[in-house]
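# Descriptive structure summary
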Amino acid sequence: MALIPSQILRVAILLSYFSILCNYKAIDMPAHQTYGGSWKFLTFIDLVIQAVFFGVCVLTDLSSLLTKGSACMEQERQLRKLIGLRDWMMAVLAFPVGAFVVTMFWTLYVYDRDLVYPRLLDNFIPQWLNHGMHTTVLPFIIIEMRTTYHRYPSRTCGLFVVCMFAVGYVVWMCWVHSMTGVWVYPLLEHIGPMARTLFFICLTALISVYYVLGEILNNYIWDSSKRWCIQEIYQLYSVKQLHHHISSGTLESDKTKTD
């Protein structure tokens, strides 16, 4: 019964990301016309990651339904591969990058929005689209984590991949700066080289922390669910035992009266 609602939910989230991406790409902003286009912004990269991730989730659900009751070993092997890809993407990309984008954006926005989201962008990006890119990402990924168990890789392997992603994006930002002479984010224009290097190191460490937090949260949610299921089974067993004793006691009482 729980599989159908989760499928519908994932399809709805996937469609919402398609809508956000299409509306964002349709905006005629000067930044989209410069070197790197939308791909130089971590927000856009994160939206693509989330869309691909939920696309894999939907494909996994469809494959699960199509292979349900099938005895074909090849289909089961392909389904296990899809589930492995889905869990890997959740662990090392969807959760840490999504959580990083949401928390960093709103932290800097509250401190000084011009450092990350200049007021000029309000003329191009409507509020609903801004929240679609920088707010709903985290609730969507937490909902997915709550509805489906995801097997995490070893922490060493997971942290290595997350750090490589962070380093790769830092290198990409530096390359864009070397080609255009302008940093992707205004914040980087206001700090010196040493402070900028320290900032990049801190961001890499922070996204690694989000990976560990995602693993802890996933284990906590599903360990709690397992404990709840065990407790529920125990309670049902206790109720059945109680009913059995009551029935037995009633039978014994009736037998005594008959005698």
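Going along each chain's sequence as written, the residues are numbered from 1 onward. Where local features are concerned, this predicted model is filtered to residues with pLDDT of at least 70; where side-chain atom pairs are given and counted, the filter is 80 or more; whole-chain, interface and lining totals use all residues. To get the side-chain values, all heavy atoms of the structure are used, and hydrogens and water are removed first.

By the naming in an unreviewed UniProt entry, the protein goes by Androgen induced 1 and is assigned to Cyprinus carpio carpio. UniProt positions are given in the numbering used here, feature names are shortened, and annotations may be inferred rather than shown by experiment. What UniProt states about the protein under its Subcellular location (unreviewed entry) heading is, verbatim, "Endomembrane system". Recorded in UniProt under Sequence similarities (unreviewed entry), the annotation for the protein is "Belongs to the AIG1 family."

Okay, the overall build of the protein next. Strands here are runs of E lasting at least two residues and helices are runs of H or I lasting at least four, both read from the DSSP assignment and numbered beginning at the N terminus. When you go through the protein residue by residue, the secondary structure sums to eight helices and zero strands. Mapped in sequence order, the helices and strands of the protein form the string α-α-α-α-α-α-α-α. The buried label applies to any residue whose accessible area, calculated with a 1.4 Å probe on protein chains only, is under 20% of its type's maximum; exposed applies above 50%, and partly exposed to all values in between. Residues classed as buried in the protein amount to 39% of the 259 residues present. The contact criterion used throughout is that any non-hydrogen atoms of two residues lie within 4.5 Å. Look at the contacts in the protein between residues 6 or more apart in sequence, and 78% of them connect residues 24 or more apart.

This part covers the side chain of His-32. Here His-32 is to be found in helix 2 (residues 30-33). Judged by relative accessible area, which is 13%, His-32 ranks as buried. Here a polar contact is recorded for every N or O atom pair within 3.5 Å, except that within protein the pair must consist of a potential hydrogen donor and a potential acceptor, and residues adjacent in sequence are included only if both atoms are side-chain atoms. There is a polar contact of 3.2 Å between the side chain of His-32 and the backbone oxygen of Ile-27.

Before going further, it helps to examine the UniProt feature "transmembrane region" (unreviewed entry) in the protein. Per the UniProt record, "transmembrane region" (unreviewed entry) is found at residues 7-27, 47-67, 88-108, 128-145, 157-178 and 198-217. Across residues 47-67, the secondary structure splits into 95% helix and 0% strand, with the terminal C-alpha atoms separated by 30 Å. With 100% helix and 0% strand, residues 88-108 has its two end C-alpha atoms placed 29 Å apart.

What follows deals with helix 7 (residues 155-180). Compared with an ideal rise of 1.5 Å per residue, which puts 26 residues at 38 Å, helix 7 spans 37 Å between its outermost C-alpha atoms and is within 8% of the ideal. At the exit of helix 7 stands Gly-181, carrying a positive phi of roughly 80°. Working rule for helices: expected span equals 1.5 Å times residues minus one.

All right, on to the pattern of salt bridges then. Each reported salt bridge corresponds to a side-chain nitrogen of Lys or Arg within 4 Å of a carboxyl oxygen of Asp or Glu. Inspection of every chain in the model, using the stated rule, returns five salt bridges. Linking Arg-113 and Asp-122 is a salt bridge whose minimum nitrogen-to-oxygen distance equals 3.1 Å. Among the residues examined, Arg-113 registers a relative accessible area of 9% and is labelled buried. The class for Asp-122 is partly exposed, based on a relative accessible area of 33%. Here Glu-215 makes a salt bridge to Arg-155, at a shortest N to O gap of 3.0 Å.

Turning our attention to the packing of aromatic side chains. Two rings belonging to Phe, Tyr or Trp (six-membered ring only in the last case) form a pair when the distance between their centres is within 6.5 Å. Interplanar angles under 30 degrees mark stacking, angles over 60 mark edge-to-face geometry, and anything in between is tilted. In total, this model carries 16 aromatic pairs according to the counting rule given. Here Phe-105 and Tyr-117 contribute two aromatic rings whose centre-to-centre distance is 5.5 Å and whose plane-to-plane angle is 85°, an arrangement assigned as edge-to-face. Pair noted here: Phe-105 is in helix 4 (residues 73-112) and Tyr-117 is in the loop between helix 4 and helix 5 (127-134), with a separation of 12 residues, a long-range link. A single burial state applies to Phe-105 and to Tyr-117, both of which are buried. One aromatic cluster in this structure is built from Tyr-17, Phe-53, Phe-54 and Phe-140.

On to the packing of helix 4 against helix 5. Running from amino to carboxyl end, helix 4 crosses helix 5 at an angle of 130°, the nearest separation of the two axes being 9 Å. Taken together, the axis directions place helix 4 and helix 5 in an arrangement best described as oblique. Within the contact between the two elements, helix 4 uses Val-101, Val-102, Phe-105 and Trp-106 and helix 5 uses Asn-130, His-131, Met-133 and His-134. In this description, a line fitted to the C-alpha atoms serves as the axis of each element, helices being fitted only across the stretch in contact, and the angle between N-to-C directions of two axes falls anywhere from 0 to 180 degrees. Here the angle decides the label: under 35 degrees means roughly parallel, over 145 means roughly antiparallel, 65 to 115 means roughly perpendicular, and every other value means oblique.

Further remarks concern the environment of Asp-46. Examined against the element boundaries, Asp-46 turns out to sit in helix 3 (residues 42-66). Under the relative-accessibility criterion, Asp-46 is labelled buried at 0%. Separated by 48 residues in the primary sequence, Asp-46 and Ala-94 place their C-alpha atoms 7.7 Å from one another. In this view, Asp-46 contacts Val-97, Gly-98, Val-101 and Val-137; residues no more than four positions away in its chain are not counted.

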